[in-house]
Structure formats: structure tokens, C-alpha cells
Amino acid sequence: MDELPDRIARTQLTVGVVAVIVGLLGYWVSRDAAFSAGPGAIIFEDVELRTTSYNRLGALLTIGFGAMGIVAGTTRMAMLGLIGGVGFGLLALQPLLQWRSGTENLLAASGRNIGWSLAMALGLAVPALLARAITARSDKIDA
Amino acid sequence: MPRTDRSTSSSDRPDRPDRPDANTRILAGFRILLGALWISNLGWKEPPEFGALKNFTSLAVSHPVWSPYSSLVENVILPNFTPFGWFTLLAEAALGAFLLIGLGTRFWALVGAAMSVAITLSVIKAPHEWPWAYYLMIGAHLAVFASAAGRTWGLDGLVRPVLESRQGRVAKLLRKAV
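Predicted, not measured: the structure shown is a model, and the values here were computed from it. (Residues numbered from 1 in each chain as written. Chains lettered and ligands numbered in written order. Predicted model: local features only at pLDDT ≥ 70, side-chain atom pairs only at ≥ 80, totals over all residues.)

A. Representation of the overall build of chain B in the model. Helix and strand content of chain B: eight helices and zero strands. Order of helices (α) and strands (β) in chain B, N terminus to C terminus: α-α-α-α-α-α-α-α. Within chain B, the proportion of its 178 residues that are buried is 35%. Within chain B, counting contacts between residues at least 6 apart in sequence, those at least 24 apart form 66% of the total. (Helix = DSSP H or I, 4+ residues; strand = E, 2+ residues; numbered from the N terminus. Buried ≥ 20, exposed ≤ 12 C-beta atoms within 10 Å, placed from the backbone. Contact = placed C-beta atoms within 7 Å.)

B. Focus on the overall build of chain A. If you tally the helices and strands in chain A, you get four helices and two strands. Shown N-terminal to C-terminal, the secondary structure of chain A runs as helices and strands in the order α-β-β-α-α-α. Across its three principal axes, chain A shows a C-alpha extent of roughly 55 × 30 × 20 Å. Across the 143 residues of chain A, 48% fall into the buried class.

C. Structural detail: the interface of chain A and chain B. Contacts between the two partners involve 23 residues from chain A, matched on the other side by 23 residues from chain B. Among the secondary structure elements, those contributing two or more residues to the side of chain A that touches chain B are α1 (4–29) and α4 (111–142) of chain A. Of the residues forming the side of chain A that touches chain B, the biggest block, 13 residues, is contributed by α4 of chain A. Taken together, the residues of the side of chain A that touches chain B sort by class into 13 nonpolar, six polar and four charged. (Nonpolar A, V, L, I, M, F, W, Y, C, P; charged D, E, K, R; others polar.)

So yeah, pure geometry; function would need other evidence.
This is the structure we're talking about:
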């Protein structure tokens, strides 16, 4: 069976690839929308799938944070995935904070983006925290 | 007879015993689909008014299914709808996210089953509703709970070995959730 560090790296790589693909789709569908304002464009809206909503800024941030997952997975720098995970966590918070304050939706995100971004945040951050816990435990045993 | 591990790690490939078999992959895909279902339905539950959600919830009063639940909606939920709307938005976002990524899957599957029951009690007597859709939602979450579907293609597969190496009540409790 694969060792846990291998699986952690593979998980971050997979989550990163999925996030980048969704970000690229988001950029493609929002190419004619405003760069950093609403309303955004919804991926797969034509086929009634009703998925996440993006403007180009939201899509670029998704690609950037997803790319951190890819780099974390390929270089085994798991903590880089934690930065990507925190980024996605902020993307999940953004529509909540802007609804609460009544300000313009800077990333054209919908309620669906909250669930999606939270999933990506967990998918990048939890493996990074596991990697840190394993390293700390090994160091303790070695000492 | 030895107890069968529900970790969905059985294989139909003797050359790669660590690889999940087709059945467990299907169940993992089913879990991802359920997560996507909840996330997809967040689009019409948005503040500040939560208007569509309020109309939907009101069906429990206009087309009552079970009178105690109808009374709860009429006297407690509808008069305090804004906090209820925020709770619904956040709970369903978390439910969709955790099922999609497969973390704490068994716990969240039970939460999903409970929320499906609440939706069932709100809407199955309303016009143009298909009650079997909601019965199937309850059953789908219970199937994901029973099969611990987060251990394949999910974070539970990473978290569980770490939890198994830990002692204590918290680790024991968390092991039941994954």
C-alpha cells in the first residue's frame, strides 16, 4: 500500500488539478463579463447543471490557489497546499462578508461558490496539516 | 467469521490489493454526486431576504405533512426567518463541501439524512412535488453513511490511519465519523 506521505502529495495534486480546471472553465465562461464585479457567469449553465459563478478575477484566484496545490503535490511541499487552502477559505468567506455588509460582490460568487471553495480549502489544507502532524510525531519519536 | 472492514479497501485486482474495487469507486462517486447536489442548491438560498427559501419553508404550513412540524415552522422558524436562512445556507454549504471532499463522511451523511427528513416534512404534500425524490435523498445519505464512502477518493482515507494510531476519547469519537 502507498505510504501516507505519497497519498498526501497525490491528494493535494488531484485537488489542485480539479481546482485549476474549474478556474479555467470559469475564466472561459466569464471572458465577456466585467473583470471584478457581478453578475458573473455560471459554468455549465447551458446544460442546467447550475454550478459555481465567476468573473475573471474570481477565476484567476481559483487558478492561482489551485496551482499552489499542484506545486505542493509535485514538490511535496505540503505546507504550500496550506496556503492554497487558506486562499480558498477566504474565497468561501468573501460572498458571506459582502452579503453581510451589503457591498458589491467583488468576485461575482454565489452561494454555490461557498460550498465549492470550502471543499477545495479542506482538500488542500487538511493533507498539509496531516503532513505536519506526521513530521512532528516522527521528530518526537527520533528524539 | 472475521468482521468485514467497511473501509472499502477490498479489491478485485489481486495484483494491486491497495486499489479499491469497482463497487467502492461507484459509492465514492455517489458521495461526490450527493455533495454536488447540496452545493448546486445553494444558489437560491441567498441573503438578505432568503425569499425562495422562505416560500419553500412555508409549504410546511400551507400543505402540512405532520402537524407538530408544521406548528414548529409556523411559530418558531417563520417568525425568525433570517437566522434560520443563515443557518440553512451555512449548514448546507458545509454539508456539500464535506461530502464532496469526503471528510467526516459518516457524520455528514447523517446530517444530510436529517436535513432530508426536514425537507420531506416541508414539501411532500405541496403541488407538483414528487415525494419519492425526498425518500431517495434520505436513503442515499444512509447508504453513504453505511458504506463509509469517504475512505475512497476522499480525505477520510488519509485521516483514518492517523486517527487509528492515536489513543483517547476524541480520536475514538472522530474515528466513528470517518
